[in-house]
Amino acid sequence: GAGVSQSPRYKVAKRGQDVALRCDPISGHVSLFWYQQALGQGPEFLTYFQNEAQLDKSGLPSDRFFAERPEGSVSTLKIQRTQQEDSAVYLCASGSMKREYYGYTFGSGTRLTVV
Amino acid sequence: AQSVTQLDSQVPVFEEAPVELRCNYSSSVSVYLFWYVQYPNQGLQLLLKYLSGSTLVKGINGFEAEFNKSQTSFHLRKPSVHISDTAEYFCAVTPTGFQKLVFGTGTRLLVSP
């Protein structure tokens, strides 16, 4: 597609519930990033994929967070046993390493509210 | 590691006035610099980027930014703002080479008539 697509746009989860957030990157973009944006804050890095390889997961806040990109395109961020502090907007970005297009394109995000 | 400081959390300005949003960064290696805009309930939209070359970078919607290596700054400017420029603006940095972005805390630009 023309942009990065994320679904669902909004998700309300009861505390303790598992959730899965989906990201469809721009076709041909090998790099994919997940960020977490708390209310009133800048985005914070969670994890990075190059094709199907997860090269950096240093930003994942706990072992309840898990991300995958099995075929090098669509990615899923899974949060197990959600807690209230997980409430945030989760942003996905894909990127091109070609210099003339160098940059990161962000999706509209998934707003997760844990109640 | 890299870090970004956006000195102003909020900048109020009247329509058609000029504006400057400040950004300073810290890094021990060469970096690429970006400005993004975020409208309510939307993702981040790239305004402009500095990779190399001319230190004055022009972006979309009439915005420009100047890279100053000695002052480690990348301030965003617009000579005449519109009501529609009201949004949150984020400065971001990444080491050269394709790596994760590090964002500042954002500056809310409030344009009033």
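Relevant structure appears above.
Notes on the structure in this doc start here. (Residues numbered from 1 in each chain as written. Chains lettered and ligands numbered in written order. Predicted model: local features only at pLDDT ≥ 70, side-chain atom pairs only at ≥ 80, totals over all residues. Heavy atoms only, no water.)

Things to note about the interface of chain B and chain A
Piece 1. Contact with chain B, which involves 21 residues of that partner, is made by 28 residues of chain A.
Piece 2. Linking chain B with chain A are one salt bridge.
Piece 3. Two residues, Asp56 of chain A and Lys100 of chain B, come together in a salt bridge whose shortest N-O distance is 3.9 Å.
Piece 4. Where chain B touches chain A, the interface holds six residue pairs in polar contact (both at pLDDT 80 or more).
Piece 5. For the side of chain B that touches chain A, the element with the highest residue contribution is strand β5 (residues 31-38) of chain B, accounting for four residues. (Contact = heavy atoms within 4.5 Å. Salt bridge = Lys/Arg side-chain N within 4 Å of Asp/Glu carboxyl O. Polar contact = N/O pair within 3.5 Å; in protein donor to acceptor, adjacent residues only side chain to side chain. Helix = DSSP H or I, 4+ residues; strand = E, 2+ residues; numbered from the N terminus.)

Topic: the pairing of strand β10 (residues 87-95) of chain B
Residue and element names in this part refer to chain B.
Piece 1. In terms of burial, β10 is largely enclosed, as nine of its nine residues are buried.
Piece 2. Along β10, one buried face is formed by Ala87, Tyr89, Cys91, Val93 and Pro95 and the opposite face, lined by Glu88, Phe90, Ala92 and Thr94, is buried too.
Piece 3. In the sheet, β5 pairs with β10 via eight bridges, with the strands oriented antiparallel. Looking at β10, one finds that Phe34 is bridged to Ala92.
Piece 4. Pairing analysis gives three bridges linking β10 to strand β12 (residues 107-112), with the strands arranged antiparallel. Across the sheet, the residue bridging to Tyr89 is Thr107, located in β12.
Piece 5. Note: β10 against strand β11 (residues 102-103), two bridges, orientation antiparallel. Its bridge partner lying in β11, Val93 is registered against Val102. (Buried < 20%, exposed > 50% of the residue type's maximum accessible area, 1.4 Å probe, protein only. Pairing = 2+ DSSP bridges.)

Focus on the packing of aromatic side chains
Piece 1. The tally for this structure, following the rule as stated, stands at 15 aromatic pairs over all chains.
Piece 2. When the ring of Phe34 of chain B is compared with that of Tyr36 of chain B, the centres are 6.2 Å apart and the planes differ by 25°; the resulting orientation is stacked.
Piece 3. Centroid distance Tyr50 of chain B to Phe67 of chain B: 4.4 Å. Interplanar angle 25°. Geometry classified as stacked. Of this pair, Tyr50 of chain B sits in strand β6 (residues 44-50) while Phe67 of chain B sits in strand β8 (residues 64-68), placing them 17 residues apart in sequence. Pair check on accessibility: Tyr50 of chain B and Phe67 of chain B agree, each one buried.
Piece 4. These aromatic residues form a ring-pair network of at least three members: Phe33, Tyr35, Phe45, Tyr48, Tyr104 and Phe106 of chain A together with Phe34, Tyr36, Phe90 and Phe103 of chain B. (Phe/Tyr/Trp six-rings, centres within 6.5 Å; stacked < 30°, edge-to-face > 60°.)

Examining the state of the cysteines
Piece 1. Applying the stated criterion across every chain, the model contains two disulfides over all chains.
Piece 2. A disulfide bridge connects Cys23 of chain A with Cys92 of chain A, and the sulfur atoms are separated by 1.9 Å. As the torsion about the S-S bond is roughly -65°, the Cys23 of chain A-Cys92 of chain A disulfide counts as left-handed. Residue Cys23 of chain A is located in strand β3 (residues 19-24), and its partner Cys92 of chain A is located in strand β9 (residues 88-96); the two are separated by 69 residues in the primary sequence. Exposure class is identical for Cys23 of chain A and Cys92 of chain A. Each is buried.
Piece 3. Residue pairing for Cys23 of chain B: its cysteine sulfur links by disulfide to Cys91 of chain B, the two sulfurs lying 2.0 Å apart. When the S-S torsion is -65°, as for the bridge of Cys23 of chain B with Cys91 of chain B, the disulfide is left-handed. Of this pair, Cys23 of chain B sits in the loop between β3 (19-21) and β4 (24-26) while Cys91 of chain B sits in strand β10, and the two are 68 residues apart along the sequence. (Disulfide = S-S within 2.5 Å.)

A closer look at the sheet that holds strand β1 (residues 5-7) of chain A
Residue and element names in this part refer to chain A.
Piece 1. One open sheet accounts for four strands, arranged β1-β3-β8-β7; its pairing is antiparallel. Of all strands in the sheet, those with a lone pairing partner are β1 and β7 (65-68), marking the two edges. Each strand of the sheet is rotated relative to its neighbour by a mean of 15°, with strand direction disregarded.
Piece 2. Bridging between β3 and strand β8 (residues 75-79) involves five bridges; their strand directions are antiparallel. In the sheet register, Ala20 faces β8, and the bridge partner there is Lys78. (Axes fitted to C-alpha atoms, helices over the stretch in contact; angles between N-to-C directions.)

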